[in-house]
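# Coordinate analysis (summary)
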Amino acid sequence: MQPSREISRLLAIMAALRTPNTGCAWDLVQDFKSIAPYAIEEACEVVDAIEREDFVDLRDELGDLLLQVVFQARMAEERDLFDFGGVVEAVTSKMIRRHPHVFGVPEQRTPEGVEGVWAEIKAQEKAEKAAARRAAGLPEQARQGLLADIPVALPALTRAIKLQEKASKVGFDWNDARLVLAKIREECDEVEEALDRGDKAHVASEIGDVLFAVANLARHAKTDAESALRQTNAKFERRFRHIEERLAAQGKVLGAATLQEMDALWDEAKTLESVG
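Conventions adopted
Residues numbered from 1 in each chain as written. Predicted model: local features only at pLDDT ≥ 70, side-chain atom pairs only at ≥ 80, totals over all residues. Heavy atoms only, no water. Salt bridge = Lys/Arg side-chain N within 4 Å of Asp/Glu carboxyl O. Helix = DSSP H or I, 4+ residues; strand = E, 2+ residues; numbered from the N terminus. Buried < 20%, exposed > 50% of the residue type's maximum accessible area, 1.4 Å probe, protein only. Expected span 1.5 Å × (residues − 1). Contact = heavy atoms within 4.5 Å. Polar contact = N/O pair within 3.5 Å; in protein donor to acceptor, adjacent residues only side chain to side chain.

## Points about the pattern of salt bridges
For the structure shown, the criterion picks out 19 salt bridges. With a closest N to O distance of 3.2 Å, R97 and E125 form a salt bridge. Residue R97 is found in helix α5 (residues 84-98), and its partner E125 is found in helix α7 (residues 111-135); the two are separated by 28 residues along the sequence. Using a relative accessible area of 23% as the deciding quantity, one classes R97 as partly exposed. In this structure, D176 engages R178 in a salt bridge whose closest nitrogen and oxygen atoms are separated by 3.8 Å. Judged by relative accessible area, which is 66%, R178 ranks as exposed. The structure contains a network of salt bridges with shared partners spanning R18, R74, E77 and E78.

## Quick notes on helix α9 (residues 177-197)
A rise of 1.5 Å per residue sets the reference length of α9, with its 21 residues, at 30 Å; its end C-alpha atoms lie 31 Å apart and thus fit the reference within 8%. The inward-facing, buried residues of α9 contact α10 (200-220). Among the residues of α9, the N-terminal cap falls to D176, whose side-chain oxygen and the backbone nitrogen of R178 are separated by 2.9 Å. G198 lies just past α9 and shows a positive phi near 70 degrees.

In structure tokens, the structure reads:
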């Protein structure tokens, strides 16, 4: 088998994997729901490769993400729902429709022109999707309202920010990041009160409120919350690795070190970073 740059080769491979009796036993038992989590996982690995600026990994991870699209499209084709070509057609049509300032008339290429047609385009897409659902015999979407189109399956941090952004468009928002910071302090006080009462469910609820408020602060501060947290995760790993290495140099293991020793080495790592 020779490698190929053509998408048709990948589609043929997926069809072979899903062919009864001769295909892959694991692939054959999968369904839409069982492989859905892998799409999220692969998307996260794409982002990780970008953050690390590892473009060798990025090529592979983008391939893995594309495989998830091909896999889902193949299963849909088997049920006569749609195929990969339909997926491509849907997204190309959407891109052309959403960019009349590029593919449309010159008058729409100004910022004012783009803003003027955007709401109309979204309304048209919503109406077309509703008509398609009716034609397919599907029920109307149960979730209604301004926030209904924000997917529940998004990572919680990402979804929190999208909820806030949507509510902000109708004026339901703080007008100063410092007010959000005050809200975080208020929510932290409520966590402390819940801890004092020993109510685990209440503690979890209040911690959720803190996290939501912190996401809101990041949004107001024009900071990508997901990226900021990834950077902090990396910083924690880096400093903790310094603790491990320094303890190993002293002939010690983590479990045998005191908290005071580890704290001192943590501060040492911070100092080294600031000097570097």
